Amino acid sequence: MGIWTATGKTTTLIKTQAVQSFRFSWFPVLLGAGFSVAFILQVTNDPEVLKSKEENNKNKWPDINLLPHTTEGDLIRYGRELIVNTAAYFGPKGKVAAITNGMNCQNCHVMAGLKPFGNSFSAVASTYPRYRDRSGRVESIEFRINDCLERSLNGKIIDSNSNEMKAMVAYLIWVGKDVKKGEKPAGSGITEIPYLSRAADPAKGKSVFESKCVRCHGSNGEGVMLVDSNGYMYPPLWGDKSYNVSAGLYRLSRLAPFIKYNMPFDLAQSSPELSDENAWDVAAFISSQARPDKKFSQDWPKMETKPPDYPFGPYADRFTEQQHKFGPFIPIKAEIEKIKSGIK
Ligand code: HEC
Ligand code: HEC
């Protein structure tokens, strides 16, 4: 059975101990325990996920409960709180400032950005400041957070010297404190899944959405608000309360892997539930729906650095906005590479 391969070592150990110390009367109980362990760990054959689990065992993320109650510890805890309950501080009824759409950072950075493949923050401290093609400049962590505030939370930026910004930065640095400079742990950020050979299909995606997503996100993707209407139990996937068209998740190559590794939320925690095809198609469906149309004219100052799935021209290549939005992406990628090698 598949499950024994992943927990094979534990099982043998349990068996040996069972025979030696407890004899056979305990054996069924321990075997049951072994099964439960295997069940809890759940097994996946996805090599990317297995690699990240291995990495996680070596590289334990810091535990917030072990943080000392010092000024620094309190700042980090406040940063985490802002990321988990962003709406309470910055949402339409926010107690610090009413500057966002009411989503939480955690809605897209799962488990406060600790979950591998859940758009995790594990590589932030180790890779920032860094140059990014979207802005064409070296970005600080503060700049990157403000990017998500303006785009993913369709809101306004906050002062880099504010206590809230300092707290979020302190939390992100703490999350990555054991990662070596320049390294990206497996499962950091959003990974990639292979391109389909065809264009992603919103019509097919609609049926995936109806069978797998509606029960939480609602039939109009509107989500479900908390009873005090200060934040969401299930966040919106489109509409005026969702992220805007300049946010990373609007691009299919970011949305599809996020969905594949994290959704449906209750079923995908330890192994993916959707196939790559379903993930691309449902992403195409979501990105076909209306959302805030906020664009930043300074984005992608060099045309040829636009990713294949960036849906707004002008382009250095000859493909349409439609193909840049839904694919097929393989020929676009090949042409962009040709253009770039010509420039170099
Ligand atoms: C609607 C979804 C969404 C929300 C909400 C959101 N983000 Fe993000 N964030 C993203 C995406 C998508 C990326 C890009 C990930 C990638 O391409 O690997 C990103 C990237 C980041 C990064 C850079 C990560 C890296 O490794 O380069 C930081 C830091 C970040 N977000 C912080 C925040 C903070 C803080 C908040 C809340 C104030 C927030 N985000 C809210 C979607 C979101
Ligand atoms: C069991 C309920 C549940 C189901 C089913 C579910 N989700 Fe989610 N989804 C969530 C929750 C909860 C979050 C926010 C995670 C958090 O805050 O920890 C979320 C977040 C998201 C996000 C990022 C935030 C946003 O609002 O854009 C996307 C995208 C998403 N879900 C897409 C999907 C898709 C596509 C499906 C179907 C394949 C799906 N979800 C099924 C509960 C669910």
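A brief structural summary. (Residues numbered from 1 in each chain as written. Chains lettered and ligands numbered in written order. Predicted model: local features only at pLDDT ≥ 70, side-chain atom pairs only at ≥ 80, totals over all residues.)

1. Looking at the overall build of the chain
Using the following cut-off: Every helix listed is a DSSP run of H or I at least four residues long, and every strand listed is a run of E at least two residues long, numbered separately from the N terminus. Residues with at least 20 neighbouring C-beta atoms inside 10 Å of their own are called buried, those with 12 or fewer are called exposed, and the rest are partly exposed, where every C-beta is derived from the backbone. This entry defines residue contacts through backbone-placed C-beta atoms, with two residues in contact when those atoms are within 7 Å.
When its secondary structure is counted, the chain shows 15 helices and 4 strands. With 344 residues in all, the chain has 37% of them scored as buried. Long-range pairs, those at least 24 residues apart, make up 64% of the contacts in the chain between residues at least 6 apart in sequence.

2. A look at the site of ligand 2
Counted only if it meets this: Any residue whose C-beta atom, as placed from the backbone, lies within 6 Å of a molecule or strand is termed near it. When residues are sorted by character, Ala, Val, Leu, Ile, Met, Phe, Trp, Tyr, Cys and Pro go into the nonpolar class, Asp, Glu, Lys and Arg into the charged class, and all the rest, Gly among them, into the polar class.
The environment of ligand 2 is made up of 23 residues, and the closest members are Cys213, Cys216, Pro235, Pro264 and Phe265. Put simply, the parts of the chain that give the shell around ligand 2 at least two residues each are helix 11 (214-217) and helix 12 (252-262). Broken down by element, the residue count for the shell around ligand 2 peaks at 3 residues, all from helix 11. Across the shell around ligand 2, the residue classes break down as 16 nonpolar, 4 polar and 3 charged.

3. Regarding the site of ligand 1
Near ligand 1, the surroundings consist of 27 residues, among which Cys105, Cys108, Cys148, Gly189 and Gly248 are the closest. For the shell around ligand 1, the leading source of residues is helix 8 (residues 141-150), giving 5 residues. Looking at the shell around ligand 1, its residues break down into 17 nonpolar, 8 polar and 2 charged.

4. Observations concerning the nonpolar core
Using the following cut-off: Joined through C-beta atoms within 7 Å, a set of buried Ala, Val, Leu, Ile, Met, Phe, Trp, Tyr and Cys residues constitutes a nonpolar core.
Membership of the largest hydrophobic core comes to 62 residues, with the highest contact counts inside it found for Met168, Tyr171, Ile259, Val282 and Ala283. Broken down by secondary-structure element, the contributors of at least two residues to this core are helix 4 (71-84), helix 5 (86-90), helix 8, helix 9 (163-175), helix 10 (202-212), helix 12, helix 13 (276-287) and helix 15 (330-343). It is helix 9 that provides the largest number of residues to this core, a total of 9 residues.

5. Quick notes on unusual backbone geometry
Put simply, Tyr128 and Pro129 share a cis peptide bond, and its omega is -5°. Residue placement: Pro129 occurs in the loop between helix 7 (124-127) and strand 1 (130-132). Between Gly313 and Pro314 the backbone carries a cis peptide bond, its omega angle lying at 0°. Counting through the fold element by element, Pro314 comes out in the loop between helix 13 and helix 14 (321-326). Residue Phe117 is not a glycine yet carries a positive backbone phi of 70°. Summarising the element assignment, Phe117 is placed in the loop between helix 6 (110-113) and helix 7. For Phe117, a count of 23 C-beta atoms within 10 Å puts it in the buried group. Unusually for a residue other than glycine, Asn154 sits at a positive phi of about 40°. Classification of Asn154 as buried rests on a count of 23 C-beta atoms within 10 Å.

6. A closer look at helix 13
Put simply, the rule reads: Take the residue count of a helix, subtract one, and multiply by 1.5 Å to get its expected span.
The terminal C-alpha atoms of helix 13 lie 16 Å apart, and with 12 residues this matches the ideal 16 Å at 1.5 Å per residue to within 8%. Of all 12 residues in helix 13, 10 are buried; the element is thus mostly enclosed. Taken together, the buried positions of helix 13 are Asn278, Ala279, Trp280, Asp281, Val282, Ala283, Ala284, Phe285, Ile286 and Ser287. Looking at the buried residues of helix 13, the elements they touch are helix 10, helix 12 and helix 14.

7. So, helix 4
With 14 residues, helix 4 extends 20 Å between its outermost C-alpha atoms, agreeing within 8% with the 20 Å of an ideal straight helix rising 1.5 Å per residue. As for helix 4, its buried residues are in contact with helix 5, helix 6 and helix 9.

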